[in-house]
Amino acid sequence: MSSNIPAVLGGKPTFDQMISIVRPVLPSFDHLKLEVSGILNGGMVTKGRHLRAFEDAVAQHLKIKHAIAVSSCTTGLMLTYQGLGLAGDVVVPSFTFMATVSALVWAGLRPVYADVDRGTTNLDPAAAEAAITPQTSAIVAVHNFGNPADIEALQAVANRHGLKLIFDAAHGFGALYRGRPVGAQGDAHVYSLSPTKLLITGEGGIVATNEDELAERVRIGREYGNDGHYDSVFAGFNARMPEFNALLGLHSLKMLEDAACRRNEVVDIYHEQLGRLPGIGFQVVKNGNRCSYKDFSITMEPEAFGLNRDELAQALAAENIDTRKYYQPPVHRQTAYAHYTNGQPLPETEWLSNHSLSLPIWSHMSDEVALGICATVSRIHEHCRAVQKALVTA
Ligand SMILES: Cc1ncc(COP(=O)(O)O)c(C=O)c1O
């Protein structure tokens, strides 16, 4: 490690190699090799016993009736929106990953953006209620970065207006709502199992629901809409999860609790160290809940910190520390989705989009790496004036 001078001012970078924003933690080949060779020797590479075992294990973990494995969270969302028979408008946050909204558009629905709460970064139930029109059929909320949404208040809004409630739980494995895994609430939860998540199948998703009819439609939908009679019941597509991926998921599930606990320990370090610096804010996790910390995001007040979010990101890149600006631009400012805006201002979404910075986190990050990142942020803050000047002239 490093001189006391930030790298943008000519010091040695804190890290010799890039500290990436995420590193997937995977089971070792030794743990899988017998079953992998079983799949290869048996020739059953899809729709086999590992898929069924994985779905059963996930259903048990979530304490849910149906856990249906699909090819991705995006296809799971598309099948869920379709399976619930939604029509017209759907209230959705814009402060989310694009797939929450792209799946709505693919299902023939119109996104109506509602603002989020600045602290939790999740859909604000009052804003969601204000966005409801006679055309609204559902609310989609996100457990953003793995922070459980305000489920009770959102369910009350949905009940008052007779709407479906779906959770984009892409970041949800490892998150606890009132001490239990998120999943049983609303009409459905839809998870991602891609490599940036805590539970990984390579690519993949889970639709979790207690509703038999929806589960049946998602199962048929992931098979082209074919219920086995080759007379399509509705237009589906291929959204199946292969056996290798299900096997990986089964082993990854055993590592989930450790992953969530370790990420929370790393976040304790971030909070303790970065909380000493002016102008840095953290996502608010409500008492009794646990965030999965699929991402760890800070907010930055430039006047207090001495640098804005973009300047800090640039200064950290020079130190070999990777960051992300989740989510900039927010969905309602993206080329494909901007025309859905109804002119309703989204001040909290805009603020978060301009002030948030995600720092590296992964499920086996060492204390040393976390402390090194914090010390670097602190050093950059101490030299903020010179750093700013150097960035302007660079
Ligand atoms: C909030 C959210 N929804 C949906 C998705 C899409 O997930 P997938 O890549 O499994 O389709 C992601 C991806 O990270 C996401 O962050």
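Being a predicted model, the structure only gives us computed values, none of them experimental.

### Considerations on the overall build of the protein chain
Move 1: Per the secondary structure count, the protein chain includes 14 helices and 12 strands.
Move 2: Taken over the C-alpha trace, the protein chain has a radius of gyration of 22 Å; the compact-globule value for 394 residues is 21 Å, and the two agree within 12%.
Move 3: Structurally, the protein chain occupies a C-alpha span of about 70 × 55 × 35 Å along its principal axes.
Move 4: Of all 394 residues assigned to the protein chain, the portion counted as buried reaches 51%.
Move 5: Across the protein chain, the fraction of contacts at a sequence separation of at least 24, relative to all contacts at a separation of at least 6, is 73%.

### Some remarks on the site of the ligand
Move 1: Contacts to the ligand come from 13 residues, most closely from Ser72, Cys73, Phe97, Ala170 and Ser192.
Move 2: Elements that contribute at least two residues to the shell around the ligand include exactly helix H3 (73–83) and helix H4 (98–106).

### Topic: the domain arrangement of the protein chain
Move 1: Once the domains are mapped, the protein chain shows domain 1 (7–22 + 256–393) and domain 2 (29–254).
Move 2: Each of domain 1 and domain 2 has a C-alpha centre, and these two points are 27 Å apart.
Move 3: Listed per partner, the contact involves 34 residues of domain 1 and 37 residues of domain 2.
Move 4: Of all the secondary structure elements, the ones that give two or more residues to the side of domain 1 that touches domain 2 are helix H9 (256–274) and helix H12 (347–355).
Move 5: When residues in the side of domain 1 that touches domain 2 are grouped by element, the largest group, 6 residues, is from H12.
Move 6: Across the side of domain 1 that touches domain 2, the residue classes tally to 17 nonpolar, 13 polar and 4 charged.

### A word on the packing of helix H2 (residues 49–62) against helix H8 (residues 243–254)
Move 1: It is the contact of H2 with H8, at a shortest axis distance of 8 Å, that shows an interaxial angle of 35°. Here the hand of the crossing between H2 and H8 comes out left-handed. Contacts between H2 and H8 involve His50, Leu51, Ala53, Phe54, Ala57, Val58 and His61 from the former and Glu243, Ala246, Leu247, Gly249, Leu250 and Leu253 from the latter.
Move 2: By residue class, the composition of the contact of H2 with H8 is 9 nonpolar, 3 polar and 1 charged.

### A word on the packing of H3 against H4
Move 1: At a closest axis distance of 9 Å, the pairing of H3 and H4 adopts a crossing angle of 45°. Looking at the two axes, H3 sits oblique to H4. Note that H3 runs across H4; the crossing there is right-handed. Where H3 approaches H4, its residues Cys73, Thr74, Leu77, Met78 and Tyr81 are matched on the opposing element by Ala99, Ser102, Ala103, Leu104 and Trp106.

### Quick word on the sheet that holds strand E9 (residues 205–209)
Move 1: Taken in spatial order, the 7 strands line up as E1-E9-E8-E5-E4-E2-E3 in an open sheet, and their pairing is mixed. Every other strand in the sheet has two partners, leaving strand E1 (66–70) and strand E3 (110–114) as the edge strands with one partner each. The average angle at which neighbouring strand axes cross in this sheet is 25°, direction not considered.
Move 2: With 5 bridges joining them, strand E4 (residues 136–142) and strand E5 (residues 164–169) adopt parallel strand pairing. Pairing of Ile139 across the sheet is with Leu165, part of E5.
Move 3: Packing against the sheet, H4 makes contact with strand E2 (89–93), E3, E4 and E5, and its axis sits at approximately 170° to E2.

What counts and what doesn't
Residues numbered from 1 in each chain as written. Predicted model: local features only at pLDDT ≥ 70, side-chain atom pairs only at ≥ 80, totals over all residues. Helix = DSSP H or I, 4+ residues; strand = E, 2+ residues; numbered from the N terminus. Rg over C-alpha atoms; globule rule 2.2 N^0.38 Å. Buried ≥ 20, exposed ≤ 12 C-beta atoms within 10 Å, placed from the backbone. Contact = placed C-beta atoms within 7 Å. Near = placed C-beta within 6 Å. Domains from an automatic or database assignment. Nonpolar A, V, L, I, M, F, W, Y, C, P; charged D, E, K, R; others polar. Axes fitted to C-alpha atoms, helices over the stretch in contact; angles between N-to-C directions. Left-handed = near helix turned anticlockwise from the far one by under 90°. Parallel < 35°, antiparallel > 145°, perpendicular 65-115°, else oblique. Pairing = 2+ DSSP bridges.

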